[in-house]
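Given next are the chains, with one letter for each unit.
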Amino acid sequence: MVFNRQISEEFRANGGRVGGMFADARFEDEHKTVHGLLEELRRVLDTGDPGSLLAEADRLVTTLHAHLDREEEIIVPLLDAAETASGGNRAGGTGAGGNGG
């Protein structure tokens, strides 16, 4: 929750810009799109149509990958900045993109 608050405060303080990227309603729209794809996948699961299931799963995976890539472009710099500001390491310890998990 603290991290979400930090992101929100950073967006507001910089007019929606974080690390040179603009985070606007696009992310909210993408979340709604993912929600819709999950609903469609549930509907297809209920119908039992294997061909449609594969197509819907592929749509969901493709959309999620693209969305998560964009979110990562914003979140990793924020984590790095927070780590630097705190003078320490994040939980797990190796910095952004690390494998300290």
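Residues numbered from 1 in each chain as written. Predicted model: local features only at pLDDT ≥ 70, side-chain atom pairs only at ≥ 80, totals over all residues. Heavy atoms only, no water.

Colleague: What should I look at first to understand the overall build of the chain in this one?
Modeller: Broken down by element type, the chain carries three helices and two strands. Along the chain, helices (α) and strands (β) appear in the sequence α-β-β-α-α when read from the amino end. Here the chain, with 101 residues, has 18% of them falling under the buried criterion. Only carbon and sulfur atoms are counted for the fraction: they give 54% of the accessible area of the chain, which is about 6900 Å². (Helix = DSSP H or I, 4+ residues; strand = E, 2+ residues; numbered from the N terminus. Buried < 20%, exposed > 50% of the residue type's maximum accessible area, 1.4 Å probe, protein only. Areas by Shrake-Rupley, 256 points an atom, 1.4 Å probe, with all protein chains shown as cover.)

Colleague: Any chance you could explain the packing of helix H2 (residues 25-47) against helix H3 (residues 50-86) here in plain terms?
Modeller: Geometrically, a packed helix pair is captured by the angle between its two axes and the distance between the axes. Interaxial distance between H2 and H3 falls to 10 Å at its minimum, and their mutual angle equals 160°. In terms of orientation, H2 lies roughly antiparallel with respect to H3. Considering how the two elements wind past one another, H2 and H3 form a crossing that is left-handed. Every residue of H3 that contacts H2 at Arg26, Phe27, Glu30, His31, Thr33, Val34, Leu37, Leu38, Glu40, Leu41, Val44 and Leu45 is listed here: Ser52, Leu53, Glu56, Ala57, Arg59, Leu60, Thr63, Leu64, His67, Arg70, Glu71 and Ile74. Residues belonging to the contact of H2 with H3 are distributed by class as follows: 12 nonpolar, five polar and seven charged. (Axes fitted to C-alpha atoms, helices over the stretch in contact; angles between N-to-C directions. Parallel < 35°, antiparallel > 145°, perpendicular 65-115°, else oblique. Left-handed = near helix turned anticlockwise from the far one by under 90°. Contact = heavy atoms within 4.5 Å. Nonpolar A, V, L, I, M, F, W, Y, C, P; charged D, E, K, R; others polar.)

Colleague: What's the story with the pattern of salt bridges in this structure? I'm lost.
Modeller: A pair can form between side chains of opposite charge whenever their charged atoms are brought close. Tallied over the entire structure, the rule returns four salt bridges. For Glu39, the salt bridge is made with Arg42, and the minimal N-O distance between the two is 2.7 Å. Here the residue Glu39 and the residue Arg42 both occupy positions in helix H2, the gap between them amounting to three residues, near one helical turn. Under the relative-accessibility criterion, Glu39 is labelled partly exposed at 39%. (Salt bridge = Lys/Arg side-chain N within 4 Å of Asp/Glu carboxyl O.)

Colleague: Hey, could you run me through the side chain of His67 in this one?
Modeller: Relative to the assigned elements, His67 resides in helix H3. Within the structure, His67 has its side chain in polar contact with the side chain of Glu71 (distance 2.8 Å). Each residue touching His67, except ones within four places of it in the same chain, is listed here: Phe27, Glu30 and His31. (Polar contact = N/O pair within 3.5 Å; in protein donor to acceptor, adjacent residues only side chain to side chain.)

Colleague: When you look at the confidence of the model for the chain in this model, what are you seeing that I'm missing?
Modeller: Interpreting fine coordinate detail is not advised for predicted regions of low pLDDT. Confidence in the prediction for the chain averages 75 pLDDT; 62% of positions are at 70 or higher. Least confident of the elements in the chain is strand S2 (residues 21-22), whose mean pLDDT is 52; most confident is H2, at 88. (pLDDT = per-residue confidence, 0-100.)

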